[in-house]
Amino acid sequence: MSYRTAESLRSVTLDDVRGARKTLSGVARVTALEGSRYLSRLVGAPVHFKCENLQRTGSFKLRGAYVRIAGLLPEERAAGVVAASAGNHAQGVALASSLLGVHATVFMPQGAPLPKVSATREYGAEVRLHGQVVDETLAAAEEYAARTGAVFIHPFDHPDVIAGQGTVGLEILEQCPEVRTIVVGMGGGGLAAGIAVAVKALRPDVRIVGVQAEGAACYPPSLAAGRPVSLRNPVTMADGIRVGRPGAVPFGIVGELVDEVRTVSEDELSAALLLCLERAKLVVEPAGASPVAALLAAPETFGGPVVAVLSGGNVDPVLMQRVLRHGMAAQGRYLAVRLRLTDRPGALATLLGVLSAADANVLDVSHVRTDPRLGLTEAEVELHLETKGPAHCAELGRALRDAGYTVIA
């Protein structure tokens, strides 16, 4: 049974979004709109965060999942639902199904972060781990639906799901009536499409900018070709928007209503996540930080007031640690340096004294004495340092060279 039925290919209207809002009353939170003074200074106009990372289950996905499942016929509910997801959609379907008394089976990749797997189970879904990538997991879920009669709940390619996500747009217009630009991350396009339907119907003057990760940007080539085009191997840390092909329904809406689609690098995503944590005190996953990355990359190109949709906050702690370190490195606040010194008592202490005098914070030290590359009296040291920015990194390099050390990398 394919999910691309005639029903799934119908368009989405403002009335659909308004109906979805009624369905979600008492279920989904009206999430906060928080101002960002730092980004406002960069853009030269007010910038606000729409905090869907604080939504129930930690992302906007509950909205679309609940509306889709609530709209099922009694016999469809009795057959149960099935979904495929690396995390956010899985949790949205799990909680929505639990609230509606529907059995949910969720297929997740074998490498899905353990916190997301655990949360999905705790929300009441039966979790099955299958495949290494989401495409394999998706195929397994579709096969299960065909075999058992369970209704497949697609993460973005259905009008009910898009209508549910569009309620974010209605809230933005009410919370920030003067908004001129809305920036939203895009994977398959369901959230951007839903917001565009709601906002453009009421405020056609508002500019909507979609943001994709460079390594998983399926929309630019698809829009250029005039049809959904598949990426061979989408790669990005932002698993929430790591989608290889646009959905048929959102693609038509995005092509008509979204004004521009931009891409951001992994470095820019890391810096954005770090900014959200440090400046806004908000835990945001890389996909949710993609609008912030776009604002940081070219702040002068956005007309304000701007609303950046922080779509989710479900980030694996291990990934968070790596991304924060990567973000610090991208901002010149983290430096890895390898050098050689004479292997004698006190040599390492002397080196650390040079770094201390230059006001560097040593995070980690690796000291190697036995290596074929080293001379008899040589040792190699690799240091990971916390610094104050690019200028401080350059100052540290000069201090080491002035002290007589040979810096290898």
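Note: the structure precedes this text.
Read on for an overview of the structure. Note that the coordinates shown come from a computational prediction; the quantities given were computed from them, not determined experimentally.

### Comments concerning the overall build of the protein
The number of helices and strands found in the protein is 16 helices and 14 strands. A principal-axis box enclosing the C-alpha atoms of the protein has dimensions of 80 × 50 × 40 Å. The 409 residues of the protein split such that 55% are buried. By sequence separation, contacts in the protein at least 24 residues apart represent 73% of the contacts at least 6 residues apart. Of the accessible surface of the protein, which amounts to about 17200 Å², a share of 51% is contributed by carbon and sulfur atoms. Placing the 40 positive and 41 negative side-chain charges of the protein at their respective mean positions leaves the two points 2 Å apart.

### Quick notes on the sheet that holds strand S10 (residues 306–310)
Strand order in the open sheet made by the six strands is S1-S2-S10-S7-S8-S9, with mixed pairing throughout. The strands lining the two open edges of the sheet, one partner per strand, are strand S1 (33–35) and strand S9 (260–264). Within the sheet, the average angular offset between the axes of one strand and its neighbour, ignoring direction, is 25°. Taken together, the four bridges between strand S7 (residues 181–185) and S10 define a ladder with parallel strand orientation. Note on S10: the bridge partner recorded for threonine 181 is valine 306. Its contacts with the sheet place helix H8 (residues 159–175) against S1, strand S2 (47–51), S7 and S10, and it is angled at close to 140° to S2.

### Quick notes on the packing of helix H15 (residues 347–357) against helix H16 (residues 390–402)
It is at 10 Å that the axes of H15 and H16 come closest, and there the two elements cross at 140°. It follows that H15 is oblique to H16 by the angle criterion. Classified by chirality, the crossing of H16 by H15 is right-handed. Across from Leu351, Val354 and Leu355 in H15, the residues of H16 making contact are Leu396, Ala399 and Leu400. For the contact of H15 with H16, the residue count by class is six nonpolar, no polar and no charged.

### Some remarks on a positive patch on the surface
Taken together, the side chains of Arg37, Arg41, Arg279 and Lys281 present a region of like positive charge at the surface. With respect to the secondary-structure elements, arginine 37 resides in helix H2 (residues 37–43). Arginine 37 gets classed as exposed once you look at its relative accessible area, which sits at 73%.

Procedures and definitions
- Residues numbered from 1 in each chain as written.
- Predicted model: local features only at pLDDT ≥ 70, side-chain atom pairs only at ≥ 80, totals over all residues.
- Heavy atoms only, no water.
- Helix = DSSP H or I, 4+ residues; strand = E, 2+ residues; numbered from the N terminus.
- Buried < 20%, exposed > 50% of the residue type's maximum accessible area, 1.4 Å probe, protein only.
- Contact = heavy atoms within 4.5 Å.
- Areas by Shrake-Rupley, 256 points an atom, 1.4 Å probe, with all protein chains shown as cover.
- Lys, Arg positive; Asp, Glu negative; His and termini not counted.
- Charge placed at Lys NZ, Arg CZ, Asp CG, Glu CD.
- Pairing = 2+ DSSP bridges.
- Axes fitted to C-alpha atoms, helices over the stretch in contact; angles between N-to-C directions.
- Parallel < 35°, antiparallel > 145°, perpendicular 65-115°, else oblique.
- Left-handed = near helix turned anticlockwise from the far one by under 90°.
- Nonpolar A, V, L, I, M, F, W, Y, C, P; charged D, E, K, R; others polar.
- Patch = residues over 30% accessible without salt bridge, like charges linked within 9 Å, V, L, I, M, F, W, Y side chains within 5 Å.
- Salt bridge = Lys/Arg side-chain N within 4 Å of Asp/Glu carboxyl O.

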